[in-house]
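# Structural characterization, general
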Amino acid sequence: MRELVIIAIKEFRDGIRNRWFLGATAALVLFSLSLTFLGSAPAGTVGVDQLAVAIVSLASLSVFLLPLMALLLSYDALVGEVERGTMLLLLTYPLSRSDIIIGKFLGQTLGLGLATVLGFGSAALVLVYGGIESANWMAFGVLIGSSVVLGAAFVALGLAISAMPRQRSAAAALAFGVWLCLVIVYDMALLGALVADGGEGISAPVFDMLLTVNPADAFRMINLSGFEDVRVAAGLVISDLEGIGNGFAPVLSLGMWVVVPLILAVVLFRRKQL
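Residues numbered from 1 in each chain as written. Predicted model: local features only at pLDDT ≥ 70, side-chain atom pairs only at ≥ 80, totals over all residues. Heavy atoms only, no water.

The protein is annotated in an unreviewed UniProt entry as NosY permease of Thalassospira permensis NBRC 106175.

## What about the overall build of the protein?
Broken down by element type, the protein carries 13 helices and zero strands. Against the 2.2 N^0.38 benchmark of 19 Å for 274 residues, the protein shows a C-alpha radius of gyration of 20 Å, consistent with a compact globule. When the backbone C-alpha atoms are referred to their principal axes, the protein occupies close to 60 × 50 × 30 Å. For the protein, with 274 residues in total, the buried portion stands at 46%. Of the accessible surface of the protein, which amounts to about 13200 Å², a share of 70% is contributed by carbon and sulfur atoms. (Helix = DSSP H or I, 4+ residues; strand = E, 2+ residues; numbered from the N terminus. Rg over C-alpha atoms; globule rule 2.2 N^0.38 Å. Buried < 20%, exposed > 50% of the residue type's maximum accessible area, 1.4 Å probe, protein only. Areas by Shrake-Rupley, 256 points an atom, 1.4 Å probe, with all protein chains shown as cover.)

## Let's talk about the layout of surface pockets
Over the atoms, a rolled probe matching the size of one water molecule traces out where space is still vacant. Of the voids in this model, the largest pocket is the one considered here, and its volume is about 320 Å³. Forming the walls of the largest pocket are 16 residues, and the residues nearest its centre are Asp14, Asn18, Leu73, Asp76 and Arg84. The set of elements that each furnish at least two residues to the lining of the largest pocket consists of α1 (2-17), α3 (50-74), α4 (79-84) and α6 (97-129). Top contributing element to the lining of the largest pocket by residue count: α1, with four residues. Its residues assigned to classes, the lining of the largest pocket comprises five nonpolar, three polar and eight charged. (1 Å grid on protein atoms, 1.4 Å probe; cavity = no way out; pocket = protein on both sides within 12 Å on 5 of 7 lines; lining within 4 Å. Points joined across faces, edges and corners; volume = space filled by probe spheres on them. Nonpolar A, V, L, I, M, F, W, Y, C, P; charged D, E, K, R; others polar.)

## What about the environment of Glu228?
Its location among the elements puts Glu228 in helix α11 (residues 228-233). For the pair Glu228 and Ala139, spaced 89 residues apart in the sequence, the C-alpha separation amounts to 9.8 Å.

## Quick look at the packing of α3 against helix α8 (residues 168-197)
The geometry of α3 relative to α8 is characterised by a closest axis approach of 10 Å and an angle of 160° between their N-to-C directions. If you check the angle between α3 and α8, you find them roughly antiparallel. Crossing geometry of α3 relative to α8 is assigned as right-handed. Counted together, Val63, Phe64, Pro67, Leu68 and Leu71 of α3 and Ala175, Trp179, Val183 and Ile184 of α8 form the full contact between these two elements. Across the contact of α3 with α8, the residue classes break down as nine nonpolar, no polar and no charged. (Axes fitted to C-alpha atoms, helices over the stretch in contact; angles between N-to-C directions. Parallel < 35°, antiparallel > 145°, perpendicular 65-115°, else oblique. Left-handed = near helix turned anticlockwise from the far one by under 90°. Contact = heavy atoms within 4.5 Å.)

## Side note on the UniProt feature "transmembrane region" (unreviewed entry) in the protein
Under the UniProt annotation, the feature "transmembrane region" (unreviewed entry) is placed at residues 20-39, 51-75, 110-132, 138-161, 173-196 and 248-269. Counting secondary structure, residues 110-132 comes out at 87% helix and 0% strand; the distance between its end C-alpha atoms is 30 Å. Between the first and last C-alpha atoms of residues 248-269 the distance is 32 Å; the span itself is 95% helix and 0% strand. (UniProt positions renumbered as here; feature names shortened; annotations may be inferred.)

## What to know about the confidence of the model for the protein
Per-residue confidence for the protein averages 83 on the pLDDT scale, and 90% of its residues sit at or above 70. Within the protein, helix α7 (residues 137-162) carries the highest mean pLDDT (94), whereas helix α12 (residues 242-246) carries the lowest (47). For residues 238-246, every residue scores under 50 in pLDDT, and the model assigns this stretch 18 contacts once sequence neighbours within four places are set aside. (pLDDT = per-residue confidence, 0-100.)

## So, the pattern of salt bridges
As enumerated under the stated definition, the model contains six salt bridges in all. A single salt-bridge network, built from bridges that share partners, covers Glu11, Glu81 and Lys104. (Salt bridge = Lys/Arg side-chain N within 4 Å of Asp/Glu carboxyl O.)

## What about the environment of Leu114?
With respect to the helices, strands and loops of the structure, Leu114 is situated in helix α6. Considered as a pair, Leu114 and Tyr75 are 39 residues apart in the sequence and their alpha carbons are 19 Å apart.

## Description of the side chain of Thr109
Mapped onto the fold, Thr109 is located in helix α6. Within the structure, Thr109 has its side chain in polar contact with the backbone oxygen of Phe105 (distance 2.7 Å). Aside from chain neighbours lying at most four places away, what touches Thr109 is Ala152 and Val155. (Polar contact = N/O pair within 3.5 Å; in protein donor to acceptor, adjacent residues only side chain to side chain.)

So this is what it looks like as structure tokens:
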């Protein structure tokens, strides 16, 4: 356990010193503040809760930026050390390969969680300082918590990717492809299939299931469909996703996207020839 904690602390320190990660964290803070300021304009005009508008904006930001930050942290966590020759040195210590994976996962998730809290916390401070009164602070807390879990899911995916190739360049290309497919292409393909189908073959329950199995869409459903004021701000006043957003399916799906890739990373790394 002590060795695992040491690895986690090392990964956390390495992550917060990474200039690319620091730049992404600064961008997260900047975008969070900008979206919070911009969100106050429509709220005052149409009478929508200002915090709910901020939640919708920040959820849209999270679903694109946090997975990219997570993969940026984790895609070379294993293959990079193998290339540099430090992995063989690390394995001379009384550590199992599972300990290395879990330690790296905990450290990188902690770093990403800190960046998330800093970004969204700065937005919350602006709203509090502005004297906002809202009943949706629980929804804001859910946004922060689910954002950390979303980041953890993509950290686990990044570790699984890092355990596959022998070159960092291949891992980087694979990580970008995973981000592109899960965050952008999946929804476009699903929408195209829905339009082409014309509602004949893809029923509402099937469509809901297809949304739920994607981590980015599960995250959206948790945050945009679970609270009434947020649904109003997101334009989902009458939403077929209301029931599933309030249900356990998106939460379970997001949790599985953490557990399954992490197990896969352990299995692949155990079989990897160094």
